[in-house]
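Here are the chains, one letter per residue:
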Amino acid sequence: MPTLTLTINDQEREVEVPSERMPLLWVLRDILGLTGTKYGCGIEVCGCCTVLVNGQARKSCQLKVSETIGQRITTVEGL
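Thresholds, definitions, all that
Residues numbered from 1 in each chain as written. Predicted model: local features only at pLDDT ≥ 70, side-chain atom pairs only at ≥ 80, totals over all residues. Heavy atoms only, no water. Helix = DSSP H or I, 4+ residues; strand = E, 2+ residues; numbered from the N terminus. Buried < 20%, exposed > 50% of the residue type's maximum accessible area, 1.4 Å probe, protein only. Contact = heavy atoms within 4.5 Å.

1. Here we look at the environment of glycine 42
Its place among the elements puts glycine 42 in the loop between helix 1 (24-31) and strand 3 (50-53). According to the relative accessible area criterion, glycine 42 is buried, its value standing at 13%. Spatially, the C-alpha atoms of glycine 42 and leucine 6 are 22 Å apart, while their sequence positions differ by 36 residues. The residues contacting glycine 42, other than those within four sequence positions of it, are Cys61 and Gln62.

Right, dumping it as structure tokens:
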């Protein structure tokens, strides 16, 4: 399993993921236990899964975790 380093809520976190294509939402909820970000529709429509990536709102249900390497991710827990 790949190990990735992500910056989440101003902390560097190393995470083992089954695939670099895994949606960021599932990394946050299932691997890191940050359950403030919710699953809603799964198709980037409802906005329940919105996080900030470098200050920009992004829907994490379809955002591949590999796309966030080197980016600053802020969840509802980090606000």
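2. As for unusual backbone geometry
With the exception of glycine, the majority of residues adopt a negative phi angle, and the majority of peptide bonds are in the trans configuration. For asparagine 9, which is not a glycine, the phi torsion comes out positive at approximately 50 degrees. In this fold, asparagine 9 is placed in the loop between strand 1 (3-8) and strand 2 (11-16). For aspartate 10, which is not glycine, the phi torsion reads 65 degrees and is therefore positive. Within the secondary structure, aspartate 10 is located in the loop between strand 1 and strand 2.

3. Quick look at the environment of isoleucine 43
For isoleucine 43, the location among the structural elements is in the loop between helix 1 and strand 3. Residues isoleucine 43 and proline 18, 25 residues apart in the sequence, show an inter-C-alpha distance of 21 Å. Ignoring anything within four residues of it in the chain, the contact list for isoleucine 43 reads Cys61 and Gln62.

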